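# Architecture and fold: a report
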Amino acid sequence: MPHLARLSKARRSPITKTKSITANLRRSLHRGIRPGRGRLGDSLFAAAAFLAAAGIIALMALMVYKLMQQAMPAVEAFGAGFVTSTEWDPVNNNFGALPFIYGTVISSLLALLMAVPLSLGIAIYLSQFAPSWLRSPLGLVVELLAAIPSVVYGLWGIFVLAPFLGKTVEPFISGHLGGIPVFRGPVYGVGLFAASVVLAIMIIPTISAISRETMRNVSRDQKEAAQALGATPWETVKMAVLPLARPGIIGAVILGLGRALGETMAVTMLIGNSPKISASIFAPAYSIASVIASEFAEVTEGRHMAALIEMALILLVITLALNLLARLLVQKTGSRATKAKARP
Amino acid sequence: MAGHVTTSSLSASFGDIQAIDDVTVEIPANKVTAIIGPSGCGKSTFLRCLNRMHELVPGAKISGEVVWDGKNIYGPGMDATEVRRGIGMVFQKPNPFPLMSVEENVSAGIRLTGGRMSKAMVAEIVEHSLRLAALWDEVKNKLHKPGGGLSGGQQQRLCIARALAVQPDIILMDEPCSALDPASTQKIEDTIDKLKQNFTIVIVTHNMQQAARVSDSTGFMLAREMGDPGRMIEYGPTNKIFTMPDRKETENYITGRFG
């Protein structure tokens, strides 16, 4: 190693004090690039990090593989008809997933319909208008909603919300808007609508907390740009805050939707658990997560189990697909923003 | 002539900290007025009091009067958004709306007013404003490209065009060139010179040469010590302020003895 030889020769030659300090400093600074133990540590660390990253992919692949393998009996028996059939008859071993897919998707979408406007209102108020003494406590209360266990929501739903909906809200809507099929028919309290309302309450903290954060991050000079043009407070939000916060808001909505799709306990307690597709949103329904949770313990027959597992697979696919879609949306709106910011 | 502003005993503070104290000046219409002074002398706060931007900061307080063409802008029944529409503002850091195109940036203010305006009318205002801001030739082929994609100097002139499009009487400029290179600064100063035919301009600047170059009258502000509110030490024709100021402090600042 010629450079090492040169170094040691330099060390031996007579040098002044400052020069030796400089040389020492240089030596200690350059130690990192010399081959030695540092290299081994680096490669060990890199390998460990790679394993951790690869592990998550392996885990995901294994999960999908296992689900597919165990769903095979149902896939073989029903084929594509599984997702279009409305039959759910464990006694005669006849299974179709459509009512569950319907219940899952509709309850989640209804929940979004109620939660998104409310959450955005909360986020806009907390990030733009609330006086500073109110911001933290109010924000904390909203975030605490996320910490309540879903079984507690379910209980509250059964004993408080469902009776209230069944005696007051639903008859009122039914009475006034009964001409529209979705509001027609008997009301029970418990049903698709009650499940959606509880889901909405459960996803409000997620959506509002993340949206509030992105809205708070919009810089003051953007807001001042709008204000100096004579924008009112609402116009300022519309012109300067919402466009820049949009990618974050979409992300927040998707996280909320993901939570609603997979929510099991509260929905099981409130949706009515009846595998039917009714025109009315007040009628009882069923969801994928609920049917898996409530039936898998009593499964006696292989094909029934396989049908439940295939439904788990379907839920997985719906969630993944929605996540991908959301990512694309965020990328699309986000890339326009980064492109615009590229030049200072 | 529209665009005449008088302040009397204007004081402003943030919470317990008083930023400016007892400023009384008369800003003539269709002239360029420069406000100079060292950092922290309250010149930006003074500017932001002239179009009610100061009150948007939490804890901000204001006393005294700002009379714009005979009306006290802080008087009862005055609408802050109405005031800001008539008294536009350009900021230190260029702040175009990054997701809007050049054209949308310029028309942002007129689209706010809510009135129905034909597309041709909007296009005409956009072109007129961009020409006034000396930006038209550079952007006429990229009106639909994002405004954030322009260079820093172009962005600042875009912000000037955006402020002009709402047809204000007065334009306040808060150190509009401090983030720009000399060539862009030159272009903005040329623009200011042309704009005073139709607008009253108040410009806050750190740069004394700039004040001397562009303004007709100059105000010198100073906070005597750290934590003291800024006061208008001297106000008068730019020539006089820069050649024979009445006050010792002004002379010290002009000659570069501090600040």
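The rules behind each value
Residues numbered from 1 in each chain as written. Chains lettered and ligands numbered in written order. Predicted model: local features only at pLDDT ≥ 70, side-chain atom pairs only at ≥ 80, totals over all residues. Helix = DSSP H or I, 4+ residues; strand = E, 2+ residues; numbered from the N terminus. Rg over C-alpha atoms; globule rule 2.2 N^0.38 Å. Buried ≥ 20, exposed ≤ 12 C-beta atoms within 10 Å, placed from the backbone. Contact = placed C-beta atoms within 7 Å. pLDDT = per-residue confidence, 0-100. Axes fitted to C-alpha atoms, helices over the stretch in contact; angles between N-to-C directions. Parallel < 35°, antiparallel > 145°, perpendicular 65-115°, else oblique. Left-handed = near helix turned anticlockwise from the far one by under 90°. Nonpolar A, V, L, I, M, F, W, Y, C, P; charged D, E, K, R; others polar. Expected span 1.5 Å × (residues − 1). Arc of directions from axis to C-beta.

## Focus on the overall build of chain B
What chain B contains, in helices and strands, is 10 helices and 10 strands. Over its C-alpha trace chain B gives a radius of gyration of 18 Å, about what one expects of a compact globule, namely 18 Å for 259 residues. Referenced to the eigenvectors of the C-alpha coordinate spread, the extents of chain B come out at roughly 55 × 45 × 35 Å. Within the span of chain B, comprising 259 residues, buried residues form 50% of the whole.

## Here we look at the overall build of chain A
From N to C terminus, chain A includes 13 helices and 2 strands. Expressed as a percentage of its 344 residues, the buried residues of chain A come to 35%. Within chain A, residue pairs in contact and separated by at least 24 positions form 75% of the contacts whose partners lie at least 6 positions apart.

## A look at the confidence of the model for chain A
Residue and element names in this part refer to chain A. Averaged over all residues, the pLDDT of chain A is 86; the fraction at 70 or higher stands at 88%. Mean pLDDT values for the elements of chain A range from 47 in helix α1 (residues 2-12) up to 95 in helix α5 (residues 98-129). Below a pLDDT of 50 lies the segment residues 4-13, which in the model reaches 1 contact outside its immediate sequence neighbourhood of four places, other chains included. Taken together, the stretch residues 337-344 has pLDDT below 50 and engages in 15 contacts with residues farther than four places along the chain or on a different chain.

## Focus on the packing of helix α6 (residues 152-165) of chain B against helix α7 (residues 182-195) of chain B
All names here are of chain B. Contact geometry for α6 and α7: axes closest at 9 Å, N-to-C directions at 20°. Viewed along their axes, α6 and α7 adopt a mutual orientation that is roughly parallel. Once α6 is placed against α7, the crossing between them reads as right-handed. Where α6 approaches α7, its residues Gly-152, Gly-153, Gln-156, Arg-157 and Ile-160 are matched on the opposing element by Ser-184, Lys-187, Ile-188 and Thr-191. Class assignment for the residues of the contact of α6 with α7 results in 2 nonpolar, 5 polar and 2 charged.

## A look at the interface of chain A and chain B
The partner chain B presents 25 residues to the 24 residues of chain A that form the contact. Elements supplying a minimum of two residues to the side of chain A that touches chain B: α9 (220-228), α10 (233-262) and α13 (302-341) of chain A. When residues of the side of chain A that touches chain B are assigned to their parent elements, the largest contribution, 6 residues, is made by α9 of chain A. Here the residues of the side of chain A that touches chain B are counted per class, giving 12 nonpolar, 5 polar and 7 charged.

## Some points on helix α4 (residues 119-132) of chain B
All names here are of chain B. Here α4 is 14 residues long and its end C-alpha atoms lie 20 Å apart, about the 20 Å a rise of 1.5 Å per residue gives. Listed in full, the buried residues belonging to α4 are Ile-125, Val-126, Ser-129, Leu-130 and Leu-132. Angularly, the buried residues of α4 cover 160° about the axis, an arc narrow enough to put them on a single face. Across α4 from its buried face, at more than 90 degrees, point the exposed residues Ala-120 and Glu-124. Those residues of α4 hidden inside the fold are in contact with α3 (102-112), α5 (136-139), α6 and α7.

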